[in-house]
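# A closer look at the structure
Okay, here's what each chain looks like letter by letter:
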Amino acid sequence: MTREMKWAYEIIAETLPPFKWLPPVQNFLAQLMLMYGSAILLFYYFHVPEHMLLYAFAGTFAVAAWSIFLLQLAPSIRGVNIPLEGHEKEFLAKYRMLLFHPRRYELYLGIVFFFIITGYLLLGSGGLMQLWFGPTLHPVLLFFVLVFTFDVSYRVAVAVWVSALAIWRSLWLKRYIERRESMEYIPHTGLRNLRRLDLYSASFVLVSIPIFPTIWSDKVFTAGLLFVDLFVLLSSIGSVFLLRRAPWLPPDIYDLVYNSKFAHVGTSDESMTPHVVPTSYVFDGMDLFFMSSVVSKKLKNIKANDRVAFIIDSRDSENLLNNKAVLFTGRAKVLGLFDVLSHPLKVYTARKLFMGKYPEYVRKYAAEKKNLPKAWQLTPMISRVLVDVQPEKIVYWRKAEPMILPM
Amino acid sequence: MIQMLTQKRIGYLCTAGYKNRPHVTPIFCIYDQKMHKMYFQANINSKKIRDIQKNPKVSLTVDTRDIINPFNNEGVMVQGTAEIVEGGLRKALSEDMGIALDVFMEKFYAIAIKGRPAEKVTVRINIKKTVYWRGPKFTSVSCDV
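Cut-offs used in this document
What you see as residue numbers is a count from 1 along each chain, following the sequence as written. Each chain is given a letter, starting from A, and each ligand a number, starting from 1, according to the order in which they appear as written. Local features in this predicted model are restricted to residues of pLDDT 70 or higher, and side-chain atom pairs are both shown and tallied only at a pLDDT of 80 or more, whereas totals for entire chains, interfaces and linings draw on every residue. The numbering of helices and of strands both runs from the N terminus, where a helix is a DSSP run of H or I of at least 4 residues and a strand a run of E of at least 2. Neighbour density around each residue's C-beta defines its exposure: 20 or more other C-beta atoms within 10 Å make it buried, 12 or fewer make it exposed, and counts between make it partly exposed, where C-beta atoms are placed from the backbone. Note on pairing: DSSP must find at least two bridges between two strands before they are called paired. Remark: residues whose backbone-derived C-beta atoms lie within 7 Å of one another are considered to be in contact. An automatic or database domain assignment is the source of the domain bounds shown. Note on residue categories: nonpolar means Ala, Val, Leu, Ile, Met, Phe, Trp, Tyr, Cys or Pro, charged means Asp, Glu, Lys or Arg, and polar means any other residue, Gly included. Working rule for helices: expected span equals 1.5 Å times residues minus one. Here, a nonpolar core denotes buried Ala, Val, Leu, Ile, Met, Phe, Trp, Tyr and Cys residues that are linked to one another through C-beta atoms within 7 Å. Here the axes come from fitting lines to C-alpha atoms, over the contacting stretch only for helices, and the angles between their N-to-C directions go from 0 to 180 degrees. Each angle gets one of four labels, with under 35 degrees taken as roughly parallel, over 145 as roughly antiparallel, 65 to 115 as roughly perpendicular, and the rest as oblique.

## Some thoughts on the overall build of chain B
In terms of regular secondary structure, chain B is built from 4 helices and 7 strands. Counting from the amino terminus, chain B carries its helices and strands in the arrangement α-β-β-β-α-β-β-α-α-β-β. Within chain B, buried positions represent 34% of all 145 residues.

## A word on the pairing of strand β5 (residues 74-85) of chain B
Residues and elements named next belong to chain B. Sheet topology places strand β4 (residues 57-64) next to β5; 8 bridges connect them, and they run antiparallel. Residue pairing in the sheet places Val 62 in a bridge with Val 76 of β5. Of the strand pairs in this sheet, β5 and strand β6 (residues 120-134) are connected by 12 bridges, and their pairing is antiparallel. In the strand pairing of β6, Ala 82 is matched with Ile 125.

## Quick look at the environment of Ile 117 of chain A
All names here are of chain A. Mapped onto the fold, Ile 117 is located in helix α5 (residues 105-124). The spacing of Ile 117 and Glu 392 is 275 residues in sequence and 49 Å in space, taken between C-alpha atoms. Every residue in contact with Ile 117, bar those within four places of it in the chain, is listed here: Thr 149 and Ser 153.

## Focus on the domain arrangement of chain A
All names here are of chain A. Under the domain assignment, chain A is made up of domain 1 (8-245) and domain 2 (251-406). Here the C-alpha centre of domain 2 lies 44 Å away from the C-alpha centre of domain 1. With 7 residues of domain 1 at the interface, the matching set in domain 2 holds 5 residues. Along the lines of polarity and charge, the residues of the side of domain 1 that touches domain 2 split into 2 nonpolar, 1 polar and 4 charged.

## Section: helix α11 (residues 219-245) of chain A
Given a rise of 1.5 Å per residue, 27 residues ought to cover 39 Å, and the 38 Å separating the end C-alpha atoms of α11 of chain A matches this to within 8%. Turning to α11 of chain A, its buried residues number three or more, namely Phe 221, Asp 229, Val 232, Ser 235, Ser 236, Ser 239, Val 240, Leu 242 and Leu 243 of chain A.

## Here we look at the environment of Glu 178 of chain A
By secondary structure assignment, the location of Glu 178 of chain A is in helix α7 (residues 139-178). On the basis of neighbour count, Glu 178 of chain A is assigned to the exposed category, with 11 C-beta atoms found within 10 Å.

## What about unusual backbone geometry?
Residue and element names in this part refer to chain B. Residue Lys 19 is not a glycine yet carries a positive backbone phi of 55°. One can find Lys 19 in the loop between β1 (10-16) and β2 (22-32). For Lys 19, a count of 9 C-beta atoms within 10 Å translates into the label exposed. Phi at His 36 takes a positive value of approximately 55°, unusual for a residue other than glycine. Looking at the secondary structure, you find His 36 in the loop between β2 and β3 (37-43).

## Quick look at the nonpolar core
Soluble globular proteins: nonpolar side chains tend toward being buried together. Judged by nonpolar contacts, the single largest core of 65 residues is most densely connected at Phe 310 and Ile 311 of chain A together with Leu 60 of chain B. In this structure, this core is formed jointly by two domains, domain 1 (8-245) and domain 2 (251-406) of chain A, each of which donates at least three residues. For Ile 311 of chain A, the residues in contact, after removing those within four places along its chain, are Ala 263, His 264, Ala 325 and Leu 327 of chain A together with Tyr 12, Val 24, Thr 25 and Pro 26 of chain B. In this structure, Tyr 9, Phe 113, Leu 194 and Leu 197 of chain A belong to the second largest nonpolar core, which totals 39 residues.

## Regarding the packing of helix α4 (residues 86-99) of chain A against α7 of chain A
Residues and elements named next belong to chain A. Between α4 and α7, the shortest axis-to-axis distance is 10 Å and the interhelical angle comes to 175°. It follows that α4 is roughly antiparallel to α7 by the angle criterion. Residue-level contacts link His 87, Glu 88, Phe 91, Tyr 95, Leu 98 and Leu 99 of α4 to Val 162, Leu 165, Arg 169, Trp 172, Leu 173 and Tyr 176 of α7. Of the residues contributing to the contact of α4 with α7, the split by class is 9 nonpolar, 1 polar and 2 charged.

Set out below in structure tokens:
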């Protein structure tokens, strides 16, 4: 059974001319023109107040944009390819199955939203219908409103469904990944693609912004949409955050990187003269950080050529076969004041990791600060700066066998 | 400083070949005090040898580090040019360097190339500049031999 699982809306969009022939941008414009065009005609015919034209534009714009959002998101989620094994593979298949379930859970959720919204609009509303259409409402207009409400409900339901499942998926995927042993690892690109999709889902929130003026006078609706937006935003960002923290490197490398105290950092200046020195460092799971004096040669080299090589190794003098080393090559970035402001969490985490990893160093520096040359005084930003190494390739040697992990 | 160079066997070699991208590997090295040269051996197909063939400039560091007190950290970094020498390590070294070292190097090398057929080359580093540090104090020595 290889029937492709799809959302109800995707099947409609694929069968309905002219939309099935159109590329995304034209499709968006065609949907907008069709919906907004019919709104203009109806409003003109039934003498609906003019300000409604503006509201209707915001609403139809959002619905058309969400349609394209769904049509782009669905194949991307289905197409994400992460080479996983065993439980992890089963789990990802289960996630996709649930997301695009043949029973169309997203459609049911949309219907529930539809009944809640129409129920409130027609029965319990705080006068929103009167504000929109005046005291009397023609059945044709009512029908138009109901169709439009359903469109909105379905799209909101998909966004809620996608983001709720995203955070659930990331939570479990992270747990499974944490159970991996020694040399098993996940290619970084796989997780990065998932993170990108989660960020893309969060863009649902942006599209919802034009709707706010339309429902602003009704507190319940405004609060409802805000709540949905907040839910989608928090679960998508939460999911990205969880995936970022998932240990994608082989546990063996983590052991080496976390247990070693020192690394050797290699740089090269514009005259191609290499330079290698030992350094203390910390690792936040993604990037490596080291501290450097502002007058050091390595900092001058990095400013001329940001390529660096960063090696961490452990040696066993009894048995050379137990030697292990990991080499990170990539780009180094000196974190200046601007970066501290734009990535406060990253800088804060790195500094905290330094405090935790080298408490004796920090104490010694602090105690003897007065007697040290200026370059060694631990004054952040002035004499010592934090350097962020973003790896692009990782090579790991164990038992003299190299293993290459591309980023 | 000389003591660091003669006693330490493991050094970190930095090369920069393709597109001036640095590459660092731990190596087993020997310092020939009489000639003020550094030697190491490597597989001819290794990244470091390929880098050296593109750009002979190298940097090598040997050091000791104290986890508790940074003021006890000590090390030497040399910068210079690398060249592949013919006739193996024993021939290249000054006569009074122990033959035992050569034997040890053989053993070390056998492990480093384990399972992969490779051609061994001996590399000499002509030292141009030496930097020595102990705690926060740095001494830099340049020499043109």
